[in-house]
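Analysis of the macromolecular model
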Amino acid sequence: MEHILKSSQLSKYFYQKKALQKVDINIEKGKIYGILGPNGGGKSTFLKLAAGLLKPSEGEILIDGKKPGVYTKSIVSYLPEGNYFYKWMRIQDALSFFGDFYADFDVEKARQNFDFMKLDEKEKISSLSKGMLGRLKLSLAMSRNASLFLLDEPLNGIDPISREKIITSILEAFNPKSTIIICSHLIVYIEKLLDYVFFLSEGQIILEGNVEDLRNKKNLSIDQLYQEVFQS
Amino acid sequence: MDFNHNIPIYCQIIQQIKQDTVLGRLKPGQKMPSVREMAGKLKVNPNTVQRAYLELERENIVFTKRGMGTYLTKQEDIIHSLKKELSGKVIRDFLEGMNQLEYSNDHIMRVLREHLEEGRKINGTYFKKQPIK
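Residues numbered from 1 in each chain as written. Chains lettered and ligands numbered in written order. Predicted model: local features only at pLDDT ≥ 70, side-chain atom pairs only at ≥ 80, totals over all residues.

1. Remarks on the sheet that holds strand S1 (residues 3-14) of chain A
Residue and element names in this part refer to chain A. Taken in spatial order, the three strands of this open sheet run S2-S1-S4, and their pairing is antiparallel. Taken across any chain shown, the strands that pair with only one partner, and hence form the sheet edges, are strand S2 (17-28) and strand S4 (58-63). The mean inter-strand angle of the sheet, taken between neighbouring strand axes irrespective of direction, is 15°. Across eight bridges, the pairing between S1 and S2 is antiparallel. Directly across from Lys 12, in S2, lies its bridge partner Leu 20. (Pairing = 2+ DSSP bridges. Helix = DSSP H or I, 4+ residues; strand = E, 2+ residues; numbered from the N terminus. Axes fitted to C-alpha atoms, helices over the stretch in contact; angles between N-to-C directions.)

2. With respect to the domain arrangement of chain B
Domains assigned within chain B are domain 1 (9-76) and domain 2 (81-126). Using C-alpha coordinates to define each centre, domain 1 of chain B is positioned 29 Å away from domain 2 of chain B. (Domains from an automatic or database assignment.)

3. A few points about the sheet that holds strand S5 (residues 76-79) of chain A
As a general point, the strands of a sheet are linked pairwise by backbone hydrogen bonds and lie either parallel or antiparallel. All names here are of chain A. Strand order in the open sheet formed by six strands is S5-S6-S7-S3-S8-S9, with mixed pairing between adjacent strands. Where the open sheet ends on each side, the last strands, each with one partner, are S5 and strand S9 (204-210). The average undirected angle you get between the axes of adjacent strands in this sheet is 15°. Across four bridges, the pairing between S5 and strand S6 (residues 148-152) is parallel. Within the sheet, the bridge partner assigned to Val 76 lies in S6 and is Leu 148. Against the sheet, helix H5 (residues 130-141) makes contact with S5 and S6, and its axis sits at roughly 175° relative to S5, the strand it touches most. Running over the sheet, helix H9 (residues 222-231) touches strand S3 (32-36), strand S8 (196-201) and S9 and is turned about 25° from S8. (Contact = placed C-beta atoms within 7 Å.)

4. Overview of the interface of chain B and chain A
Between chain B and chain A, the contact holds 14 residues from the first and 20 residues from the second. At the level of secondary structure, the elements contributing two or more residues to the side of chain B that touches chain A comprise helix H1 (9-22), helix H2 (35-42) and helix H3 (46-58) of chain B. Its residues placed into classes, the side of chain B that touches chain A shows eight nonpolar, five polar and one charged. (Nonpolar A, V, L, I, M, F, W, Y, C, P; charged D, E, K, R; others polar.)

5. As for the pairing of S8 of chain A
Residue and element names in this part refer to chain A. Of all six residues in S8, five are buried; the element is thus mostly enclosed. As defined by bridge partners, S3 adjoins S8 across four bridges and the pair is classed as parallel. What sits directly across from Tyr 33, in S8, is Tyr 196. Examined bridge by bridge, S8 and S9 share six bridges and lie antiparallel to one another. For Phe 198, the partnering residue across the bridge sits in S9 and is Glu 208. (Buried ≥ 20, exposed ≤ 12 C-beta atoms within 10 Å, placed from the backbone.)

6. Quick notes on H5 of chain A
Residue and element names in this part refer to chain A. For H5, built from twelve residues, the straight-helix expectation of 16 Å at 1.5 Å per residue is met to within 8% by its first-to-last C-alpha distance of 16 Å. Judged by how many residues are buried, H5 sits mostly within the fold: ten of twelve residues are covered. For H5, the set of buried residues is Met 132, Leu 133, Gly 134, Arg 135, Leu 136, Lys 137, Leu 138, Ser 139, Leu 140 and Ala 141. Those residues of H5 hidden inside the fold are in contact with S5, helix H3 (91-101), helix H4 (107-117), S6 and helix H6 (160-173). (Expected span 1.5 Å × (residues − 1).)

7. Brief notes about the packing of H1 of chain B against helix H4 (residues 76-100) of chain B
Residue and element names in this part refer to chain B. Contact geometry for H1 and H4: axes closest at 9 Å, N-to-C directions at 120°. Judged by the angle between their axes, H1 and H4 are oblique. Both H1 and H4 take part in a crossing whose hand is left-handed. Facing H1, whose interface residues are Lys 18, Gln 19, Thr 21 and Val 22, H4 presents Ile 79, Leu 82, Lys 83 and Leu 86. Here the residues of the contact of H1 with H4 are counted per class, giving four nonpolar, two polar and two charged. (Parallel < 35°, antiparallel > 145°, perpendicular 65-115°, else oblique. Left-handed = near helix turned anticlockwise from the far one by under 90°.)

Below, the structure written as structure tokens:
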């Protein structure tokens, strides 16, 4: 099986704090993965390591067989949490920014996404609501013809209508050649998108599996399973 | 389609397609939506739909024409036995429920007969008063 991402004994420490401890994650092509866990569990740290924004303290992470760097950044589309745009930007500025920055950015696709998301290119990003900002970030991230999409909390603080739209466009961007990793603690909304989940708690994988097999075995939804695992 | 997330989603898709086949909402021999179309409509992972289609193919309910897509079976006997399978499940569930209420077989027959003869509206369908032979 071809692995687009492979981490072995991956650890990240921030001074005393162990954000990730010896994490082994193998990600196959053509699937949608969920990394689920409470806040502070290490989800964002893992994505940042994969995106090349952080360096591992120990262990290793490989994307398409390479350590994060210029090549991997060209095939990875990372959607960070929060607002990363410059204050002066309008939507059209962000569009050309992405177009200049990424060789695999598809402007046509982005415009279609804007249309679907009801985003007006003339609008200032700083005046967007949280829901609209979420739509914009996702529209841009999913308009790259990337091999690997890393989505950090794409639904956090998003209203129901925007949520549905975001889910639709994640599905639309997904194809057998691409792979998507979604980090979230809003499991109810994403569980029907997922092939496989990792439960991450205090920097360690405490459970993983194919979602349909887990439902079958435990007679629980992934959300219920999560509650069960993290409440005990 | 609303999913019950406690049960594997591909099983629920299979169940829905079987039901639509039996009820004639899907016509024998018709082309099924592509995996992508179906996934988009149901807002689920395409791999889940793929798994449902594979399972249905194994049960000979659908077949694929290479490069053309997936089609519903034309074989009446398969559709017929599907109907039997689905009704069998309803009956088993009914009997299980009645057993839990500690109804004996005779008693079950009696109340069932009463209900059928009385004729009443169930879920908007009117069951006509008719004697049972």
